[in-house]
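# What the coordinates show
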Amino acid sequence: MSLQNRDKKHIWHPLTQHKTSEGALAIVAAKGVYLYDEKGNGYIDAIASWYTAMYGHCNEKITSAVAAQMLRLDHVVFTGFTHEPAIDLSEKLISILPENQQKIFFNDNGSTAVEVGIKMALQYHHNKGFKKNTLVAFEEGFHGDTFGAMSVSGLSVYNGPFEEFFLKVERIPVPNGANENEILSRLEIIFSENDCAAFVYEPLVQGAAGMKMHSREGLEKILKLCKRNNVLCIADEVMTGFGKTGKHFASNHLNTQPDIICLSKALTAGMMPMGITSCTQDIFDAFLDDAIGKGFFHAHTYSANPLACAAAIAGIDLLCSKEIQLAIERIEAQHKQFLIRIIDHPKVSAVRQLGVILALDLKTEMERYGDLRNRLYDHFMTDGIYLRPLGNTIYILPPYCITNSELKKIYDSILKALKIF
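Labelled according to an unreviewed UniProt entry, the protein appears under the name Adenosylmethionine-8-amino-7-oxononanoate aminotransferase, originating from Constantimarinum furrinae. According to its UniProt record, the protein has this under Catalytic activity (unreviewed entry): "(8S)-8-amino-7-oxononanoate + S-adenosyl-L-methionine = S-adenosyl-4-methylsulfanyl-2-oxobutanoate + (7R,8S)-7,8-diammoniononanoate".

### Quick look at the pattern of salt bridges
Under the criterion given, the structure shown has 10 salt bridges. The residue Glu140 makes a salt bridge to Lys212 at a minimum N-O spacing of 2.9 Å. Here the residue Glu140 occupies a position in the loop between strand 5 (134-138) and helix 6 (147-151), and Lys212 occupies one in strand 9 (residues 212-213), the gap between them amounting to 72 residues. Measuring nitrogen to oxygen at the nearest pair gives 2.7 Å for the salt bridge that ties Lys408 to Asp412. A residue pair is termed a helical-turn pair when its members lie 3 or 4 positions apart in one helix, as Lys408 and Asp412 do in helix 14 (residues 404-420) at four residues. Residue Lys408 is classed as partly exposed on the basis of its relative accessible area, which comes to 48%. What makes Asp412 partly exposed here is its relative accessible area of 29%.

### Considering the sheet that holds strand 4 (residues 103-107)
An order of 4-12-11-10-7-5-6 is seen for the seven strands of this open sheet, with the pairing classed as mixed. Of all the strands in the sheet, just strand 4 and strand 6 (168-172) have a single pairing partner and so form its edges. Going across the sheet, the axis of each strand differs from the next one's by a mean of 20°, ignoring polarity. In this structure, strand 5 lies alongside strand 6, joined through five bridges in parallel fashion. Within the sheet, the bridge partner assigned to Phe138 lies in strand 6 and is Ile172.

### Digging into unusual backbone geometry
Even without being a glycine, Ala48 presents a positive backbone phi close to 50°. Notably, Asn230 is not glycine yet its phi reads approximately 55°, a positive angle. Turning to its location among the elements, Asn230 is positioned in the loop between helix 9 (216-228) and strand 10 (232-236). The exposure class of Asn230 is partly exposed, given its relative accessible area of 38%.

### As for the sheet that holds strand 1 (residues 27-31)
Across the sheet, four strands lie side by side as 1-2-3-15; this open sheet has mixed pairing. Each of the sheet's edge strands pairs with one partner strand only, and the pair in question is strand 1 and strand 15 (385-386). Relative to strand 3 (residues 42-45), strand 2 (residues 34-37) is paired through three bridges, and the arrangement is antiparallel. In the sheet register, Tyr34 faces strand 3, and the bridge partner there is Ile44.

### Brief notes about the nonpolar core
Counting residues in each nonpolar core, the largest one holds 100 residues, and the members touching the most others are Leu93, Phe199, Phe242 and Leu387. Residue contributions to this core reach at least three from each of two domains, namely domain 1 (3-58 + 322-418) and domain 2 (62-320). Setting aside its immediate chain neighbours within four residues, Leu93 contacts Ile104, Phe242, Phe249, Leu263, Ile276 and Ile316. In this structure, Val116, Val169, Leu232 and Ala286 belong to the second largest nonpolar core, which totals 26 residues.

### Details of the packing of helix 4 (residues 84-96) against helix 11 (residues 306-319)
One way to put it is that helix 4 packs onto helix 11 with a least axis distance of 9 Å and a crossing angle of 30°. For the crossing formed where helix 4 meets helix 11, the hand is left-handed. Two secondary-structure elements touch here, helix 4 through Pro85, Ala86, Asp88, Leu89, Lys92, Leu93 and Ile96 and helix 11 through Pro306, Cys309, Ala312, Ile313, Ile316, Asp317 and Leu319. Of the residues in the contact of helix 4 with helix 11, the class split is 11 nonpolar, no polar and three charged.

### Comments concerning the UniProt feature "binding site: pyridoxal 5'-phosphate" (unreviewed entry) in the protein
Annotation from UniProt places "binding site: pyridoxal 5'-phosphate" (unreviewed entry) at Gly110, Ser111, Asp236, His300 and Thr301. The largest pairwise C-alpha distance within this set of annotated residues, which runs over 192 residues, is 22.6 Å, so the set is dispersed in three dimensions. Lining residues of the second largest pocket drawn from the annotated list: Gly110, Ser111 and Asp236. For Asp236, the location among the structural elements is in strand 10. Sequence-distant contacts of Asp236, that is, excluding residues within four places in its chain, are made with Val114, Phe142, His143, Tyr201, Glu202, Pro203 and Cys262.

### Here we look at the pairing of strand 16 (residues 393-396)
Residue alternation in strand 16 divides its side chains into two sets, Thr393 and Tyr395 and Ile394 and Ile396, and both sets are buried. Summarising the sheet, strand 14 (residues 357-362) and strand 16 pair through four bridges and their orientation is antiparallel. Among the inter-strand pairings, Asp361 is bridged to a residue of strand 16, identified as Thr393.

### As for a nonpolar patch on the surface
On the surface, a cluster of nonpolar side chains totalling about 230 Å² of accessible area is made up of Leu3, Val28 and Tyr36. Inspection of the secondary structure assignment puts Tyr36 in strand 2. We classify Tyr36 as partly exposed; its relative accessible area is 30%.

### Thoughts on the layout of surface pockets
Looking at the largest pocket, its volume works out to about 1700 Å³. Forming the walls of the largest pocket are 36 residues, and the residues nearest its centre are Gly23, Ala24, Leu25, Tyr377 and Arg388. Elements represented by at least two residues in the lining of the largest pocket include exactly helix 1 (3-10), strand 2, helix 2 (48-51), helix 7 (156-159) and helix 13 (371-382). A per-class count over the lining of the largest pocket returns 15 nonpolar, 12 polar and nine charged. Forming the boundary of the second largest pocket are 35 residues, of which Trp50, Tyr51, Phe142, Val238 and Lys265 lie nearest the centre. Counting only elements with at least two residues in the lining of the second largest pocket, the list comes to helix 2 and helix 5 (110-127). Looking at which element gives the most residues to the lining of the second largest pocket, the answer is helix 5, with three residues. Broken down by class, the residue content of the lining of the second largest pocket amounts to 17 nonpolar, 11 polar and seven charged.

What counts and how
Residues numbered from 1 in each chain as written. Predicted model: local features only at pLDDT ≥ 70, side-chain atom pairs only at ≥ 80, totals over all residues. Heavy atoms only, no water. UniProt positions renumbered as here; feature names shortened; annotations may be inferred. Salt bridge = Lys/Arg side-chain N within 4 Å of Asp/Glu carboxyl O. Helix = DSSP H or I, 4+ residues; strand = E, 2+ residues; numbered from the N terminus. Buried < 20%, exposed > 50% of the residue type's maximum accessible area, 1.4 Å probe, protein only. Pairing = 2+ DSSP bridges. Axes fitted to C-alpha atoms, helices over the stretch in contact; angles between N-to-C directions. Core = buried A, V, L, I, M, F, W, Y, C linked by side-chain atoms within 4.5 Å. Domains from an automatic or database assignment. Contact = heavy atoms within 4.5 Å. Left-handed = near helix turned anticlockwise from the far one by under 90°. Nonpolar A, V, L, I, M, F, W, Y, C, P; charged D, E, K, R; others polar. 1 Å grid on protein atoms, 1.4 Å probe; cavity = no way out; pocket = protein on both sides within 12 Å on 5 of 7 lines; lining within 4 Å. Patch = residues over 30% accessible without salt bridge, like charges linked within 9 Å, V, L, I, M, F, W, Y side chains within 5 Å. Areas by Shrake-Rupley, 256 points an atom, 1.4 Å probe, with all protein chains shown as cover. Points joined across faces, edges and corners; volume = space filled by probe spheres on them.

So, in structure tokens, the structure goes:
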């Protein structure tokens, strides 16, 4: 029996309507930019498996670091104990994060990184004697699937059945270069009418919304207004972090830095699950008290798992290497050349690019998981390329080890799709 048929017996897949799904393709191996199915077919992983395997699959520097760690310490509870991999990772991460970040809190994934950030912000104000019960977030943002993260997300396709249970959230549009004054006026009203604890945002690029990019100048103004009103700024860098925007973090494109940063995905180079929430010294200090209840009572069983820490340390070493930094610059240059070719295409309504992220919108309306989108997906897979269109948005976010010829294969497949669809 094939792996696909065995899979159907017991497994419930995410983001899948199993009544209409044809079943999941079984992947049996991966190396570099390629995924391999059980028939031996190879597919270029043009989205780095949801933006995680940025240094390529089964990168030997990552696998050897994890294997060596496995022989020394596999796991230990992180309450009351510590270990060298966690300490080393905290030091390396603080050295590349924005300068105001001083403390690292370990968790399990992107959703929990955001969840922790929200809880930190709410308790920060509580510990200082203020009851603040409102969060601010961008329209169409996506921050994860736990309840706090869902609350600040704006995509109803994921959140619909649960919205009556959410935290209180006020939403604002993303700045587009022409609406900043309108947004700032709206924010002033929100701040005057609500007790706002924090602003949660994806800096510069909204991933699940279709790689929508917004004005850095406009975001800068929003952050400054939040700071003036004692509203904490929580940057969700789960998708954007670790080089994808051309800098280590999207927040590095800005002068006003967040109070809290949420990390996951490429944090461990696609090797192990892990999330991290970093914060300023001021945030941390608000939890210091003789009263135990003012401490941050949030914990995960696998917090600071040593194997995940080893993967993350090796990943940061790669990120900071000249080889990877040159690769990021090369991919940016290739993307820009491709954009010139399609910017005036009659079937393309918009294009955008930042770092290794490239996206184009088709001049057609389609459902996020509808028939036309699925036919686009099948077209790319037939061409040996793994891309996941988001509605009418086709985007590329490849591993840094991708070659120019492999990028050309992706570009050519997109051009072919523009002729067919």
